[in-house]
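Inside the fold
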Amino acid sequence: MQPSARLERMHGHLALDFTLKQQRTRLTVREHRPPLQVVRDFGLADGTSFVHLHNVAGGVLAGDQLTTTINLAASTKAQLTTTSSTRIYRSAGEQVAYQALHANLAEHSLLEYWPDTTIPFAESMYRQQTRIDLAAAAGLCWWEFLAPGREAYGERFAYRQLRLDCDIYALGRPLLLDRMRLQPSLQQLTNPLYFGNYSYLATGYICRVGLDVAQWKALEAELMAVAASQTKLGRCLWGVSYLAAHGLMIRGLSTNSRDLLATAFDYWRIAKQALYGTSPNLPRKIY
């Protein structure tokens, strides 16, 4: 059920610092303002800090302005996930629900970001801005999963506006500037140029600064083979593309979120073995 309108909109802020102590990455919550919070971090066997991100309000309302800042010190490893889907509630007027994510990765650090699905409710208006800065040898596995709405309530592409921006910089120079603008009232999202017969969208960025082109081309070919096999099954449509340097971008469409998430983890399993020679920790949502 959608929460009732409230007089005060949230201006939440969460600032997380990850530092290396005794060969293990540890979290310091530098700042938190409701509704954003974390309870604690969990140490994984390989020294990674595993953290659940909470929005105790249950979703993002029109007029909310939420910001999360993530700082990884040199040689740290962090894996972040959410406790539930990000629900974007309807806007009665022209106020936009806004969320920003800023990540700064120092030398030889690694950030894995595995959120649950973003669900834009009918009549909602949402904007998300992501900025990621990578230092030398920093690594990134960052995913976003987008639903068409609450399909159980007959809400498929019933939102008013959705804007997703992602900027990734490596060594201070722009590596990727990704812009997505979806307005169902102006675009026929069921057109094959958009979603066609699919409803769910996944976008992933896998990076490690400093690797040569040959390594990325080989990984691109390996992941494209997985994409082709998944596409052949008919439930998903995937593509993999090498960036100008330092990484790959992956995008997929599906009739459900489960297939996207499972395949996204397969991509990362292959990529982490190729980039780091290790297997990834299983994200909570695959348990």
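The paragraphs below set out a description of the structure included in this document. (Residues numbered from 1 in each chain as written. Predicted model: local features only at pLDDT ≥ 70, side-chain atom pairs only at ≥ 80, totals over all residues. Heavy atoms only, no water.)

Within the open sheet, the seven strands sit side by side as S2-S1-S6-S9-S12-S14-S15. Their pairing is mixed. Two strands lie at the open edges of the sheet, namely strand S2 (24-33) and strand S15 (173-182), each paired on one side alone. Averaged over all adjacent pairs, the angle separating strand axes in this sheet is 10°, with direction ignored. Where strand S1 (residues 13-21) lies against S2, nine bridges are found, and the strand directions are antiparallel. The partner of Leu-20 across the bridge, within S2, is Thr-25. (Pairing = 2+ DSSP bridges. Helix = DSSP H or I, 4+ residues; strand = E, 2+ residues; numbered from the N terminus. Axes fitted to C-alpha atoms, helices over the stretch in contact; angles between N-to-C directions.)

Moving on, we get to the packing of aromatic side chains. One pass over the full model with this rule turns up nine aromatic pairs. A centroid spacing of 6.5 Å and a plane angle of 80° characterise the contact between Phe-157 and Tyr-159, whose relative ring orientation is edge-to-face. The exposure class assigned to Phe-157 is buried, which follows from its relative accessible area of 10%. Clustering of aromatic rings is evident, with ring pairs tying together Trp-114, Trp-143, Phe-145, Trp-238, Phe-265 and Tyr-267. Its guanidinium or amino end placed over the ring of Phe-121, Arg-150 lies 4.0 Å from that ring's centre, counting from NZ or CZ. The ring of Tyr-153 has Arg-150 lying over it, and the distance from NZ or CZ to the ring centre is 4.4 Å. (Phe/Tyr/Trp six-rings, centres within 6.5 Å; stacked < 30°, edge-to-face > 60°. Buried < 20%, exposed > 50% of the residue type's maximum accessible area, 1.4 Å probe, protein only. Lys NZ or Arg CZ within 6 Å of the ring centre and 35° of its normal.)

The subject of this paragraph is empty space enclosed by the protein. Enumeration over the complete set of coordinates arrives at two cavities of 30 Å³ or more. As a volume, the largest cavity reaches approximately 300 Å³. As for the largest cavity, its lining consists of 24 residues, and the residues nearest its centre are Leu-53, Asn-55, Thr-82, Thr-86 and Gln-99. Put simply, the parts of the chain that give the lining of the largest cavity at least two residues each are strand S5 (49-55), strand S8 (86-88), strand S9 (97-105) and strand S12 (125-134). At three residues, the largest contribution of residues to the lining of the largest cavity is made by S5. A class-by-class count of the residues in the lining of the largest cavity yields eight nonpolar, 13 polar and three charged. By volume, the second largest cavity amounts to about 210 Å³. (1 Å grid on protein atoms, 1.4 Å probe; cavity = no way out; pocket = protein on both sides within 12 Å on 5 of 7 lines; lining within 4 Å. Points joined across faces, edges and corners; volume = space filled by probe spheres on them. Nonpolar A, V, L, I, M, F, W, Y, C, P; charged D, E, K, R; others polar.)

Another point: the pattern of salt bridges. What the rule picks out here adds up to 13 salt bridges. We note a salt bridge from Glu-31 to Arg-33, for which the minimum N-O separation is 2.5 Å. We classify Glu-31 as partly exposed; its relative accessible area is 26%. Residue classification places Arg-33 among the partly exposed positions, given a relative accessible area of 38%. Among the salt bridges present, the one from Arg-160 reaches Glu-94, with a minimum N-O distance of 2.9 Å. Within this pair, whereas Arg-160 is found in the loop between strand S13 (139-146) and strand S14 (161-170), its partner Glu-94 is found in the loop between S8 and S9, the two being separated by 66 residues in sequence. A single network of salt bridges, built from pairs that share partners, joins Arg-127, Asp-165 and Arg-181. (Salt bridge = Lys/Arg side-chain N within 4 Å of Asp/Glu carboxyl O.)

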